[in-house]
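In case you want the letters, here they are:
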Amino acid sequence: MKRKLAPSMLSADFGHLEKDLRLAVDAGADYIHVDVMDGHFVPNISFGPPVIKVVRKIIPDCIMDVHLMVTEPVRFLKDYAECGADILTVHAEAVKDLKTTLREIASAGIKTGAAVSPDTPVSAITPVLPMLDQVLVMSVYPGYGGQSLIPETLDKIRELVEIREQSGLSYDIEIDGGVKLSNLEEVLAAGTDVIVAGSAIFGHDIPAMVKRFRDTISEGS
């Protein structure tokens, strides 16, 4: 299983968004991670389908990994499907009926993801793991960029690896929050498949940082 790098668009320079995203993708990013915030489930507001539709035009050749930090996102799934999302991840804490929401995502032909915040145990999503293409472990509290990784969240990744092996499942395990080159080896050693990194990539020499992340990821595979 190839490990993947997903630079987080939230940390890009929105005055030069096309340039930043193309630099990241051309340097070897596997996904672009798109954080959608509704001002309700999390206190901040980011962007919605119109912006994502533009991003799809900018990076038609890259997987768009859309993370919905949105209360009851089932209301908007059609919009996100139509704007070009490849993966839609919803929060276990933000939906009343997670199974129905995931079925709606799958029926739109989009890969399914479920996220758990730092205080949410893996047991909250255990019943839906067979339905998932991806599990997102939040290693910071959702809604803000630039936070430090909470080390205890790596235990969830180890737990998810064990469940996957014992159950014969095939979901990817993604981590989001506070991942930097200084802790990347530890994150990889826990068993992470998809690495989301924002401020550690954007705001720097983007191609150089993508290369350094990719080199470390390759060494840890």
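A.B. asks: How should the overall build of the chain be read in this particular structure?
C.D. replies: The number of helices and strands found in the chain is 7 helices and 8 strands. Taken against the 2.2 N^0.38 rule, which gives 17 Å for 221 residues, the C-alpha radius of gyration of the chain at 16 Å falls within 12% of a compact globule. Along the longest, intermediate and shortest principal axes, the C-alpha atoms of the chain span 40 × 35 × 30 Å. When contacts within the chain are restricted to residue pairs at least 6 apart in sequence, those whose partners lie at least 24 apart make up 64%.

A.B. asks: Explain the packing of helix H5 (residues 154-167) against helix H6 (residues 181-190) here, please?
C.D. replies: Between two packed helices, both the angle of their axes relative to each other and the distance between the axes serve to describe the pair. Viewed as axis vectors pointing N to C, H5 and H6 meet at an angle of 30 degrees, and their least axial separation amounts to 8 Å. In this view, H5 runs roughly parallel relative to H6, as classed from their interaxial angle. Packed against H5, whose contacting residues are Leu154, Ile157, Arg158 and Val161, the element H6 presents Glu186, Val187 and Ala190 at the interface. Residues belonging to the contact of H5 with H6 are distributed by class as follows: 5 nonpolar, no polar and 2 charged.

A.B. asks: So what exactly am I meant to see when it comes to unusual backbone geometry here?
C.D. replies: Across the chain, the bulk of peptide bonds are trans and the bulk of non-glycine residues have phi less than zero. In this structure, Glu72 takes a positive phi of about 45 degrees despite not being glycine. By secondary structure assignment, the location of Glu72 is in the loop between strand E3 (63-69) and helix H3 (77-82).

A.B. asks: What's the story with the nonpolar core in this structure? I'm lost.
C.D. replies: Soluble, globular proteins show a tendency: their nonpolar side chains are buried together. Membership of the largest hydrophobic core comes to 66 residues, with the highest contact counts inside it found for Val66, Ile195 and Phe213. For Val66, the residues in contact, after removing those within four places along its chain, are Val34, Val36, Ile52, Tyr80, Ala85, Ile87, Leu88 and Thr89. In terms of nonpolar packing, the next biggest core, distinct from the first, is built from 5 residues, Tyr31, Ile87, Val194 and Val196 among them.

A.B. asks: I would appreciate a short explanation of the pairing of strand E8 (residues 194-197) in the present structure.
C.D. replies: On any regular strand, side chains alternate: one points to one face of the sheet, the next to the other face. Neither face of E8 is exposed, since Val194 and Val196 on one face and Ile195 and Ala197 on the opposite face are all buried. Pairing geometry for strand E1 (residues 4-7) and E8, over 4 bridges, is parallel. Note that in E8 the partner of Pro7 across the bridge is Ala197. Pairing of strand E7 (residues 172-176) with E8 involves 3 bridges; the strand directions are parallel. Bridging from a neighbouring strand, Asp176 pairs with Val196 of E8. Read as a crossover between parallel neighbours, the route from E7 over H6 to E8 is right-handed.

A.B. asks: Honestly, the sheet that holds strand E2 (residues 31-37) in this entry has me stumped. Any pointers?
C.D. replies: Sheets are built from strands paired through backbone hydrogen bonds, the pairs being either parallel or antiparallel. Strand order in the open sheet formed by 8 strands is E1-E8-E7-E6-E5-E4-E3-E2, with parallel pairing between adjacent strands. Only two strands of the sheet have a single partner each, and these edge strands are E1 and E2. Along the sheet, successive strands turn relative to each other by an average axial angle of 20 degrees, direction set aside. Relative to strand E6 (residues 134-138), strand E5 (residues 111-116) runs parallel, the two sharing 4 bridges. In the sheet register, Ala115 faces E6, and the bridge partner there is Leu136. Helix-sheet contacts for helix H2 (residues 49-58) involve E2 and E3, and the interaxial angle to E3 is about 165 degrees.

A.B. asks: Quick question: what am I supposed to make of H2 here?
C.D. replies: Those residues of H2 that fall on the buried side of the exposure criterion are Ile52, Val55, Arg56 and Ile58. In an axial view of H2, the angular spread of the buried residues amounts to 155 degrees, which keeps them on one side of the axis. Within H2, the exposed residues directed more than 90 degrees away from the buried face are Pro50 and Lys57. Looking at the buried positions of H2, the neighbouring elements they touch are helix H1 (17-27), E2, E3 and H3.

A.B. asks: So what exactly am I meant to see when it comes to the pairing of E2 here?
C.D. replies: Counted residue by residue, E2 has 7 buried out of 7 residues, so it is predominantly covered. Each parallel crossover has a hand, and the one from E2 via H2 to E3 is right-handed.

A.B. asks: Looking at this model, I keep getting lost on the side chain of Thr192. Mind explaining?
C.D. replies: By the element assignment, Thr192 lies in the loop between H6 and E8. In terms of polar contacts, Thr192 uses its side chain to reach the backbone carbonyl oxygen of Val187, at 2.8 Å.

A.B. asks: I tried to follow the environment of Pro121 on my own but got confused; where do I start?
C.D. replies: Residue position: Pro121 is located in the loop between E5 and E6. Once the C-alpha coordinates of Pro121 and Thr153 are considered, the two residues, 32 residues apart in sequence, prove to be 9.6 Å apart.

Parameters at a glance
Residues numbered from 1 in each chain as written. Predicted model: local features only at pLDDT ≥ 70, side-chain atom pairs only at ≥ 80, totals over all residues. Heavy atoms only, no water. Helix = DSSP H or I, 4+ residues; strand = E, 2+ residues; numbered from the N terminus. Rg over C-alpha atoms; globule rule 2.2 N^0.38 Å. Contact = heavy atoms within 4.5 Å. Axes fitted to C-alpha atoms, helices over the stretch in contact; angles between N-to-C directions. Parallel < 35°, antiparallel > 145°, perpendicular 65-115°, else oblique. Nonpolar A, V, L, I, M, F, W, Y, C, P; charged D, E, K, R; others polar. Core = buried A, V, L, I, M, F, W, Y, C linked by side-chain atoms within 4.5 Å. Buried < 20%, exposed > 50% of the residue type's maximum accessible area, 1.4 Å probe, protein only. Pairing = 2+ DSSP bridges. Right-handed = clockwise from strand over helix to strand, strands pointing away. Arc of directions from axis to C-beta. Polar contact = N/O pair within 3.5 Å; in protein donor to acceptor, adjacent residues only side chain to side chain.

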